[in-house]
Amino acid sequence: MREQEQAVTIREIEGLSSNADCIRWLAEDLKGAGITPFIGAGLSMPFGFPGWPAFLRDCARIFGVVPAIEELLSKDQYEEAAEVCLQARNPQAFQDRLVARFGVDQSAAVRLEGAVAVVPLLAKGPVITTNFDRVLERAFELSGVPFDDRVWGGKVSAAINGFQHQARILIKLHGDVEDAGDRVLTCAEYQ
């Protein structure tokens, strides 16, 4: 049944794409071991989640550091801009803004459709994301194939194990919105 679902989905995707060769290659990969999707903010933005520059500008406005943030963003210095926002008030104020814009309540409130609804059909094993919201978790749950585990921060061995065993895990490179202690968004957090 799963192969039929994938075939229908691939045909639907192929009809929307101008790059039919890549879609055929993707379909072939799905017949074998599958693919490991690498997903960024583009998957969450259609549901009202801001892109990182928009989020940082919002924080800058609230925290009173607009000129500094605009200068950093004009130089594509996103981690530095996040650091300025984090230090503008206090770390908890920055975390509160993250949760307000990307938290569990926001992820639960969106109706999932489009590309994010297809990802659970494509991924048989690990999924990698730079997103720290919960949209992917919700998409997999609604598809009846929830992740066995979610890993970020210092859980490198769990990620390696997931790849070795093709486990259905979500590897969140920047961490999870609800976990400020193991997140990687600012300069200091990268260091």
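Computed from a prediction, not measured in an experiment: that's the story for all the values here.

A. Focus on the packing of aromatic side chains. Applying the stated criterion across every chain, the model contains 7 aromatic pairs. Between Trp52 and Phe132, the aromatic rings sit 5.7 Å apart at their centres with planes inclined by 80 degrees, giving edge-to-face as the arrangement. Remark: Phe132 occurs in the loop between β2 (127–129) and α9 (135–142) and Trp52 occurs in helix α3 (residues 52–63); sequence separation between them is 80 residues. Each member of the aromatic cluster is reached from another via a ring pair, and the members are Phe49, Trp52, Phe55, Phe94, Phe102 and Phe132.

B. The arrangement of the state of the cysteines in detail. Evaluation of the coordinates by the stated rule reveals 0 disulfides. Among the cysteines around Cys59, which has no disulfide bond, Cys85 carries the closest sulfur, lying 4.9 Å off.

C. View of the sheet that holds strand β1 (residues 38–39). The 4 strands are arranged β1-β2-β4-β3 in an open sheet whose pairing can be described as parallel. Edge positions in the sheet fall to β1 and β3 (149–151), since each has one partner strand and no second. Packing against the sheet, helix α10 (residues 156–164) makes contact with β2, β3 and β4 (169–172), and its axis sits at approximately 140 degrees to β4.

D. Region of interest: the packing of helix α4 (residues 66–74) against helix α5 (residues 78–88). For the pair α4 and α5, interaxial distance at closest approach is 8 Å and the crossing angle is 165 degrees. By the angle between their axes, α4 is roughly antiparallel relative to α5. Handedness of the crossing formed by α4 with α5: left-handed. Where α4 approaches α5, its residues Ala68, Ile69, Leu72 and Leu73 are matched on the opposing element by Tyr78, Glu80, Ala81, Val84 and Cys85. In terms of residue class, the contact of α4 with α5 is made up of 8 nonpolar, no polar and 1 charged.

E. Spatial organisation of helix α8 (residues 115–122). Counting buried residues along α8, 6 of its 8 residues qualify, which places the element largely inside the surrounding structure. Restricting attention to buried positions, one finds in α8 the residues Val116, Val118, Val119, Pro120, Leu121 and Leu122.

F. Up close: helix α6 (residues 91–102). With 12 residues, α6 extends 16 Å between its outermost C-alpha atoms, agreeing within 8% with the 16 Å of an ideal straight helix rising 1.5 Å per residue. All buried positions along α6 are accounted for by Ala93, Phe94, Gln95, Arg97, Leu98 and Phe102. Among the structural elements, α3, α5 and α7 (104–109) are those in contact with the buried residues of α6. Residue Asn90 occupies the N-cap position of α6, its side-chain oxygen lying 2.9 Å from the main-chain nitrogen of Gln92.

G. Highlighting the pattern of salt bridges. Counted by the stated rule, this structure contains 11 salt bridges. The residue Asp58 makes a salt bridge to Arg97 at a minimum N-O spacing of 2.7 Å. On the criterion of sequence distance, the pair formed by Asp58 in helix α3 and Arg97 in helix α6 is long-range, its members being 39 residues apart. We note that Asp58, like Arg97, is buried. Here Asp58 ties to Arg101 by a salt bridge, and the two come within 3.9 Å at their closest N and O atoms. Of this pair, Asp58 sits in helix α3 while Arg101 is found in helix α6, placing the two residues 43 residues apart along the sequence. Judged by relative accessible area, which is 13%, Asp58 ranks as buried. Arg101 gets classed as partly exposed once you look at its relative accessible area, which sits at 27%. Salt bridges sharing partners connect three or more residues here, namely Arg134, Glu137, Arg150, Lys172 and Asp176.

H. Layout of the nonpolar core. Membership of the largest hydrophobic core comes to 37 residues, with the highest contact counts inside it found for Trp52, Leu56, Phe94, Leu98 and Leu136. When contributions to this core are tallied by element, the ones reaching two or more residues are α3, α4, α5, α6, α8 and α9. In terms of residue count, α3 provides more of this core than any other element does, 6 residues in total. With sequence-adjacent residues up to four places away left out, Trp52 is seen in contact with Tyr78, Ala82, Phe94, Leu98, Phe132 and Leu185.

Basis of the calculations
All residue numbers here refer to positions counted from 1 along the written sequence of the relevant chain. Selection of residues for local features in this predicted model requires a pLDDT of at least 70, selection of side-chain atom pairs for listing and counting requires 80 or more, and totals for whole chains, interfaces and linings are taken over all residues. Heavy atoms throughout the structure, all of them, feed into the side-chain values; hydrogens and water do not. Side-chain rings of Phe, Tyr and Trp (the six-membered ring for Trp) are treated as a pair once their centres are within 6.5 Å; stacked means planes under 30 degrees apart, edge-to-face means over 60, and tilted covers the remaining angles. Only runs of H or I of at least four residues qualify as helices and only runs of E of at least two qualify as strands under DSSP, and these elements are numbered from the N terminus. Disulfides are defined in this document as cysteine sulfur pairs within 2.5 Å. We call two strands paired when DSSP finds no fewer than two bridges between them. The contact rule is simple, with two residues in contact once any of their heavy atoms fall within 4.5 Å. A fitted line through C-alpha atoms serves as each axis, taken over the contacting stretch for helices, and the angle formed by two N-to-C directions is quoted from 0 to 180°. Should an angle fall under 35 degrees it is called roughly parallel, over 145 degrees roughly antiparallel, and 65 to 115 degrees roughly perpendicular, with every other angle called oblique. Note on convention: near helix rotated counterclockwise from far helix by under a right angle means a left-handed crossing. Clockwise means right-handed. Polarity classes work like this: nonpolar for Ala, Val, Leu, Ile, Met, Phe, Trp, Tyr, Cys and Pro, charged for Asp, Glu, Lys and Arg, and polar for all others, with Gly in that last group. When accessible area is computed with a 1.4 Å probe and restricted to protein chains, residues below 20% of their type maximum are described as buried, those above 50% as exposed, and intermediate ones as partly exposed. The span you would expect from a helix comes to 1.5 Å times its residue count less one. Counting of polar contacts relies on pairs of N or O atoms within 3.5 Å, with two restrictions inside protein: one atom must be capable of donating a hydrogen and the other of accepting it, and residues adjacent in sequence are counted only when both atoms are side-chain atoms. Throughout this description, the term salt bridge denotes a Lys or Arg side-chain nitrogen within 4 Å of a carboxyl oxygen of Asp or Glu. Put simply, buried Ala, Val, Leu, Ile, Met, Phe, Trp, Tyr and Cys residues joined by side-chain atoms within 4.5 Å make one nonpolar core.

Function cannot be read off these values alone, since they describe shape.
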